[in-house]
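# An overview of the molecular structure
Here are the chains, one letter per residue:
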Amino acid sequence: MGPPPLSSQSRVLRLGLEMASARDLVPMVNYSHVNTPLSLSSLRFQPWPYVGPSSARPESLRLWAHLPPLCPHPGYRLNDGFWHMVELVARDGSAVITIDDNDGAEFRVAHPFQLRTGTQYFFGGCPKPAAITGCLSNQTTFHGCLQSISVDAQPVELDLLRQERLGQYSNVFFNMCSIADRCTPNLCEHGGHCLQSWDDFICVCNLTGYKGETCHKSLYKESCDAYRLSGKTSGNFTIDPDGSGPLKPFTVYCDIREDRAWTIVRHNRYYATRVRGSSLDRPFLGAVEYWNASWAEVEALANGSEYCEQHLEFSCYNSRLLNTPYGPPFSFWMGRHNQRHYYWGGLPAGRPGRGLLSLSDPGSFTPGSGSRRTDKGMLNFVDHLPVTQVVVGDTNRSQSEAQFLLGPLRCYGDRNTWNTVSFNKGASLVFPTFLANHSLDISFYFRTTALSGVFLENGGCRNYIRIELNTTRDVVFAYDIGNGDENLTVRSPVPFSDDEWHQVKAEINVKLARLRVDKLPWVVRLAPPQSYVRLEFDRPLYVGSAEHRLRPFLGCLRALRMNGRTLNLEGKANETEGVRVNCTGYCQYPRVPCQNSGLCVERYSHYTCNCSLSAFDGPFCNRDIGAYFEPGTCVRYNILPAELSAAREFASIRSQPLPGYNLTSEELSFSFRTGTAPAVLLYVSSFRRDYVAVLIREDGSLQLHYELGTGPYVFPLTTTPVTDGRPHRINITRINRTLYTQVDYFPVTEKQLSLLVDRKLDSPKNLYLGRVMETGMIDPEIQKYNTPGFSGCLSGVKFNSILPLKAIFRPNGRPVHYSIKGELVESNCGSMPLSIMDIPPEMDPWYMGTEFPHVHDDGWIGIITGFVTFLLLLLAGLLLLLYLHHHRYKGSYHTNEPKAVQDYHGPSKPLVPQKDQNLPQILEEAKGE
C-alpha cells in the first residue's frame, strides 16, 4: 500500500534546470532525491528536448505521466545550441512549464489528477533495463548539456553526483559542454537568423529580401529597367540598387514604357511647404524624407541611373533668396553627400548666380514693398541628386514668407551596366584593397580574342582571389581563403575568344564557392565542415592583369560589380597606358584600313584583316589574285552540281538561298586587261534559261547581258573601246529590279528593269571565265563572241561570295569543283593601279629596314654607354702616342752610298769636308778618253 496522499498545500513539484541541445547523444543521469518529503513514486517528470524530423515537433518540451500523456508544446527551437532555462511546476490538476522566463503552457484535466513523487528522478532518459529502475518512458534520450539543476528549490550538487553519492550515471561528461556556438559571430547577412546543429549552421532568410546560404544575394532587381527587360508592366516594384550590398531594398513605382522605364520615388515634400520666420542664423531646414527608402538608398538609385530629374518650384513674398549683397545666398538645397548647391533649375551644375529665383536685386530690398514672385525649374545633374534638404532663410520680416515644393525623383537607364573599358596593352587598373567580411560575389562581362589573361586579382599575405581566362575554353576562379589553393573551372564547348560578350558570376562564402559563365551550369565546390572563410587582403585590387602586370588581359570589361558595388572602370582608364574608355580597339580607327571588302578583326593589342570574303589577299587585302589567259583558255567553276540541284528540286526548297548566292540580288566585280576583241569575259549559267554575261564586242566596247525568265536585256557599259591594253575595273550590283554599274572610276549608273522581269536568278549552275564551254543550248548572241576566246588578264574576280581565281591559286582546304582547259598562269597583269597608302614601317611586311632604328639613350644606359665610349677612345689615343714615341728614331732605308764617319767622342770641332779619295774615279777616266 502506498503512502498517504500529500495535502493540497504540499502536493507541488518544482523542478528547474538549464539545458542546451544540438544533436543526438545518449546521456543518462539517475538522481536519488533523499531530502524531499515527497516519497511517493507513482509519477516521473522528465524535461525532454529532442533533435529529429521537423514534423515530429523536436523543438518542444513534453510532459509525461502514468496517466494518459499530457503533451503541451511550449518553447520553439530549443535545439539551437544555446542555453535555455526550463522550470516545471506541477500540482494536482495542473502543470506549468516556463522556458527562458516566459510562460509557456498551463493546462488542466477533467478527470481526477493526483500528484505523487518518489525518491528518484531520471534526467536525460531511462537506463536499461528500464523494468528494474521503474522508469517507464519510451521516449528518445536527451542529447545535449544540462546545468543548474534544482528540485523543489534545492540545487543538485553535480560533484556529489559525479562521485555517485547522489545517484548513478552513464555516458555523461561532467564540467564540460562540447556544443560549439556556431552562430557567434553571426555569419548570416542582412538580418538573417542563424540556427545551428552539432557541427553546422543554417541561415533563415525569411522576410529579409535576400536568399542564399548566408542571405547574401538579393531577391529583387536593381532598377525598373531590369523589370522592363523581363517583360513586366507598370506598377509598384521592390528594387535593390546595390544588390548584395548593405543597403536594403525598397518599393518604388515603375512607369514602364516601350523604350525605357522610369523609376519614381515619392517623398513628404511633394505638396507645398510654407516657410515663415527663418533667418540666415536660424534657417528653415526642410528635410526630404523619401517613402520606404533612406537617403543612402535613393543615392544608390541615382548613382546607377543614366538620367535623373527632380522638379523644384519656389514662390516668395518680401524675401531675399538669391543675389545677396554679401556672403552666401540665403537659400540653397542639399544633395548627395550633404553638399550645398546654390544653382537652381535651368542652370549648369555648380554655377551660382542669377538663376531660378532672382527675387530681389542686391541691396534693393525694401520691407513691405515686395510682391509675390514664382519660378520653376528642373534639376537634372545626376551626380548631385537626390535633393535631401531645402534650406530657406530671410523670411523673418513682417508679411515675409516663402513656399516651395519638390517633385518626386524620376530616373531611367542603367549606367553601371555599360561602364566599359578596353585593354589594348599589358596594363591594369589599380583599385583600393577590396574589403569583404565573410561573403563575396563578383560579376562582370568580358569580350576578347586573346587566348588567355587575368581578369582581376586581389591578394594578401596568405589569401588571394583571382579570376582568369586560362585557355580559350576555360574560365578559372582560383582562391585561397585559409584552406589552401583551390580553383573552380568552367569549360565551354565553344571558345570564349569569339569577340562576343560573356558574363561571369563568382561567389564564395563559408558554405561553398561557385562559378558560372553565361548559361552554362554552375560549378560548385562545398567548403569543408566547420571551416571559416578568411577574406582578408592587404594588397590593391588589380583589374586587367595580375600583380606586376603579369598575364595581362587584352579585350573589354564592363559592369564589374563586387558585393553589389560597381567599380568605376571608366574613371580609371588611361589611354596612354593602353586602357581606353568604351570597347574600342584598333578597328575603330585603323592606321591602314582593310581594302576590297576585307573585314577588320579586332585583336585589341593590334588588328588583322580577314580576306576570306575578298578576292584579294595580303595583310590589308590589297594584293591582287589574277591569271593570264591564252587564247582558248577557259575556267569553269561549279556553283551548284547537277545532283544537288536535283535534290533541291525534289525537296521543294527552291525558296532557300544557295551558298554564295542570293535569289534576288547579285554582286559582280573583276578587273581585266586585253588588246583583242570580241571575247566573253564572264558568264554565269543556270539550270533554267537565266544567265548573266559580260562581253567585249567587235568594236571593243563592253556589254552586259541579263536574262531573268524573259528575253535578254542588253546594257552597254562603255561607248569607247576597252581593248587598249590598259587595266579596267567593272562593278555590277543588282537588287531586285534595280541595276547599278560602274566601270573604272566613272560615276555609278543606275538602271531599272521592267516590271515583267522576274526578280530571281533561278538555279545558277556554272561560272565561266575566258570562254563558255556549256553543254546544251546557249544564246546565239553569246555564242557569237565565244570564238576564239579571251586573251589577256583577269584579276580579282568575285561573284557574290564565290572567288574562282582565289580558290584555284589560294586553296584553303575546302572542297571546290572547278576545271581548267588550256594554260592558266597566275599573274597580276590585270590588276588596277592602287592608290598609294601610307603604311607605317612597323606594319609593312615588305619593309626592308633601310633606316637605322633610333636607340633611346636619354637614360642611365645612354650615360654609361657614352662614358665607356669615351674611355675606349682615350685608350686608343694613348696607345697611338706610345707607338709614335717608341718609333721616332727607328726609321731606316737601303742605299749604295757610303756612310759618313763622324767622331762623336772628341770635343766640339768644326766639321771638315771629307775628301773624295774613296769615290771611284769615273769622271776623270771619262775626261781622259
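This is a predicted model, so every value here is computed, not measured.

### Some remarks on the overall build of the protein
Of regular secondary structure, the protein possesses 10 helices and 55 strands. Counting across all 929 residues of the protein, residues that qualify as buried make up 45%. Here the contacts in the protein between residues at least 6 apart in sequence split such that 67% fall between residues at least 24 apart. Total accessible area on the protein stands at roughly 50,700 Å², and carbon and sulfur atoms take up 53% of it.

### Points about the UniProt feature "domain: EGF-like" (unreviewed entry) in the protein
Under the local residue numbering, the UniProt record ascribes the feature "domain: EGF-like" (unreviewed entry) to residues 179–216 and 584–622. The span residues 179–216 is 0% helical and 26% strand by assignment, and the distance between its end C-alpha atoms comes to 26 Å. In the segment residues 584–622, helix accounts for 0% and strand for 21%; the C-alpha atoms at its two ends are 24 Å apart.

### Notes on the state of the cysteines
Using the criterion set out here, one finds 10 disulfides in the structure. With its sulfur 2.0 Å from that of its partner, Cys 308 forms a disulfide with Cys 411. An S-S torsion of about 115 degrees defines the bridge between Cys 308 and Cys 411 as right-handed. Pair noted here: Cys 308 is in strand S19 (residues 307–317) and Cys 411 is in strand S25 (residues 409–412), with a separation of 103 residues, a long-range link.

### Focus on the nonpolar core
Soluble globular proteins: nonpolar side chains tend toward being buried together. In this structure, Phe 444 and Val 543 are the most contacted members of the largest nonpolar core, which totals 51 residues. The leading source of residues in this core is strand S28 (residues 440–448), at four residues. Sequence-distant contacts of Val 543, that is, excluding residues within four places in its chain, are made with Phe 423, Ser 428, Leu 429, Phe 431, Phe 455, Leu 456, Leu 557, Leu 560 and Leu 569. Judged by nonpolar contacts, the second largest core, of 42 residues, contains Phe 629, Leu 761, Phe 790 and Ala 807.

### Thoughts on a nonpolar patch on the surface
A contiguous nonpolar surface patch, about 1,200 Å² in accessible area, is contributed by Ile 864, Phe 867, Val 868, Phe 870, Leu 871, Leu 872, Leu 874, Leu 878, Leu 880, Leu 881, Tyr 883 and Leu 884. Relative to the elements of secondary structure, Phe 867 occurs in helix H9 (residues 860–886).

### Describing the sheet that holds strand S45 (residues 679–686)
The strand order across the open sheet built from seven strands is S48-S47-S46-S45-S52-S43-S54, with neighbouring strands paired in antiparallel fashion. Edge positions in the sheet fall to strand S48 (713–716) and strand S54 (818–821), since each has one partner strand and no second. With direction set aside, neighbouring strand axes in the sheet form an average angle of 15 degrees. Bridge count for strand S43 (residues 634–638) against S54 is four bridges, and the pairing is antiparallel. Directly across from Cys 634, in S54, lies its bridge partner Lys 821.

### Focus on the side chain of Arg 734
For Arg 734, the position within the fold is in strand S49 (residues 728–735). Look at Arg 734 and you get buried, because its relative accessible area is 0%. A polar contact is formed between the side chain of Arg 734 and the side chain of Glu 666, at a distance of 2.6 Å. At 2.6 Å, the side chain of Arg 734 and the backbone oxygen of Asn 736 are in polar contact. Setting aside anything within four residues of it in sequence, one finds Arg 734 in contact with Leu 663, Thr 664, Ser 665, Glu 666, Tyr 706, Leu 708, Leu 739, Leu 753, Arg 759, Lys 760 and Leu 761.

### As for the sheet that holds strand S50 (residues 738–743)
One open sheet holds the seven strands; their spatial order is S51-S50-S49-S44-S53-S42-S55, and the pairing between them is antiparallel. The open sheet is flanked by strand S51 (749–752) and strand S55 (824–826), the only strands paired with a single partner. For this sheet the average axis-to-axis angle between neighbouring strands, irrespective of direction, equals 25 degrees. Note that S49 and S50 share six bridges and pair antiparallel. Paired with Thr 733 across the two strands is Tyr 740, which belongs to S50.

Rules of the game
- Residues numbered from 1 in each chain as written.
- Predicted model: local features only at pLDDT ≥ 70, side-chain atom pairs only at ≥ 80, totals over all residues.
- Heavy atoms only, no water.
- Helix = DSSP H or I, 4+ residues; strand = E, 2+ residues; numbered from the N terminus.
- Buried < 20%, exposed > 50% of the residue type's maximum accessible area, 1.4 Å probe, protein only.
- Contact = heavy atoms within 4.5 Å.
- Areas by Shrake-Rupley, 256 points an atom, 1.4 Å probe, with all protein chains shown as cover.
- UniProt positions renumbered as here; feature names shortened; annotations may be inferred.
- Disulfide = S-S within 2.5 Å.
- Core = buried A, V, L, I, M, F, W, Y, C linked by side-chain atoms within 4.5 Å.
- Patch = residues over 30% accessible without salt bridge, like charges linked within 9 Å, V, L, I, M, F, W, Y side chains within 5 Å.
- Salt bridge = Lys/Arg side-chain N within 4 Å of Asp/Glu carboxyl O.
- Pairing = 2+ DSSP bridges.
- Axes fitted to C-alpha atoms, helices over the stretch in contact; angles between N-to-C directions.
- Polar contact = N/O pair within 3.5 Å; in protein donor to acceptor, adjacent residues only side chain to side chain.

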